[in-house]
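An overview of the molecular structure
Spelled out, the chains give:
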Amino acid sequence: MAELNVRVDAKEDMEKEIAQIVKQCPEGRRKEVSTQMEGFQRLFARFLEERGPSVRWEDIEPAGDAMKAYGSLASVDLENIEVIRKHLDKLVVLKLNGGLGTSMGCKGPKSLIAVRGEHTFLDLTVEQIQVLNKKYNVSIPLVLMNSFNTHTDTLKILRKYHGCGVPIYTFEQSCYPRVSKESLMPIDADLANKEAWYPPGHGDFYEAFYNSSYLTKFINDGKKFIFVSNIDNLGASVDLSILVVPCYSSVLNDCCFAAVCALLW
């Protein structure tokens, strides 16, 4: 009973603290911060409520027939321009661009590290999409999900890609407060103290993309698939064999926009 009371108190105290954070933030950011804090509070509530291991391995089962072997996919006629164009016109490429290059001994966004001559991860990503857009006469957009650590530097460098033939969009993923293990409260409510805040990982993509204006835009543009990968994973490029596979026809009938992470190849 005492433990239950502690959890209830922690949840109520956090709600009060979050309300103060939203109230004190600049008016121009208040709506954005309020939306992000709603996501944080749901996550914090799960943390307080869950017990036991985060993964119950006994409940994990093989995918079975739900996953198709790549070798079983029908080959694609790369010269059938019209068929391929039809599918590429439904595609958006999104790169997770929230990481810094500190683990590689570099400063700034990882995407801006030169990895082939003077070409950066971002340069090579744009070039990959340029090739598809030019060959098939399409306009596949590139979307970058930045974190507060990478957003400003990324916006500065994007000027160099003006007129490159690839529409580029950016949005920021959520920004959550770090919580003290002892007090179960934010270590600092000041939004300007970056050390007291963190981007909540790749899993935040779904909620952050939903909260951005781009989900509605791309649906209205007729897009059906989104290809998601890390910006530093240059091997994860659009695979036409997967994009045109017939098994996605049922997905298109059931929803307007499908996040197809299986496109990573």
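Computed from a predicted model, the values in this text were never measured in an experiment.

**A word on the pattern of salt bridges**
Per the stated rule, a full pass over the model turns up 9 salt bridges. The residue glutamate 50 makes a salt bridge to arginine 46 at a minimum N-O spacing of 3.5 Å. Taking relative accessible area as the criterion, glutamate 50 reaches 47% and is therefore assigned partly exposed. One salt bridge in this structure joins arginine 85 and glutamate 82, with 2.5 Å as the shortest N-O distance. Highlighted residues: arginine 85 and glutamate 82, both in helix 3 (residues 81-88), separated by 3 residues, approximately one helical turn. The exposed category is assigned to glutamate 82, whose relative accessible area is 54%.

**Some points on unusual backbone geometry**
Unusually for a residue other than glycine, asparagine 137 sits at a positive phi of about 55 degrees. Relative to the elements of secondary structure, asparagine 137 occurs in the loop between helix 4 (121-136) and strand 4 (142-146). Positive phi outside glycine occurs at leucine 184, with the angle close to 55 degrees. With respect to the helices, strands and loops of the structure, leucine 184 is situated in the loop between strand 6 (176-177) and strand 7 (197-198).

**What about the environment of alanine 192?**
Take alanine 192: it is sitting in the loop between strand 6 and strand 7. Each C-alpha atom, one on alanine 192 and one on cysteine 25, is 9.9 Å from the other, the two residues being 167 residues apart in sequence.

**What about the packing of aromatic side chains?**
Under the defined criterion, the tally for this structure stands at 11 aromatic pairs. With 6.0 Å between their ring centres and 20 degrees between their planes, phenylalanine 40 and phenylalanine 44 make a pair best called stacked. Here the residue phenylalanine 40 and the residue phenylalanine 44 both occupy positions in helix 2 (residues 30-49), the gap between them amounting to 4 residues, near one helical turn. Its relative accessible area of 5% is what places phenylalanine 44 among the buried residues. What links up through ring pairs into an aromatic cluster is the set Tyr169, Phe171, Phe205, Tyr206, Phe209, Tyr214 and Phe218.

**Here's the deal with the nonpolar core**
Within soluble globular proteins, side chains that are nonpolar generally end up buried alongside one another. Core analysis: the biggest nonpolar cluster contains 26 residues, and Leu88, Leu91, Val93, Leu122, Ile140 and Leu142 have the highest contact counts within it. Of all the secondary structure elements, the ones that give two or more residues to this core are helix 3, strand 1 (91-97), helix 4, strand 4, strand 8 (225-230) and helix 8 (240-243). At 6 residues, the largest contribution of residues to this core is made by helix 4. If we ignore the near neighbours within four places in the chain, the residues touching leucine 88 are Tyr136, Val138, Ile140, Val238, Leu240 and Leu243. Counting residues in hydrophobic clusters, the runner-up holds 17 residues, among them Met14, Ile21, Val33 and Cys175.

Calculation rules
- Residues numbered from 1 in each chain as written.
- Predicted model: local features only at pLDDT ≥ 70, side-chain atom pairs only at ≥ 80, totals over all residues.
- Heavy atoms only, no water.
- Salt bridge = Lys/Arg side-chain N within 4 Å of Asp/Glu carboxyl O.
- Buried < 20%, exposed > 50% of the residue type's maximum accessible area, 1.4 Å probe, protein only.
- Helix = DSSP H or I, 4+ residues; strand = E, 2+ residues; numbered from the N terminus.
- Phe/Tyr/Trp six-rings, centres within 6.5 Å; stacked < 30°, edge-to-face > 60°.
- Core = buried A, V, L, I, M, F, W, Y, C linked by side-chain atoms within 4.5 Å.
- Contact = heavy atoms within 4.5 Å.

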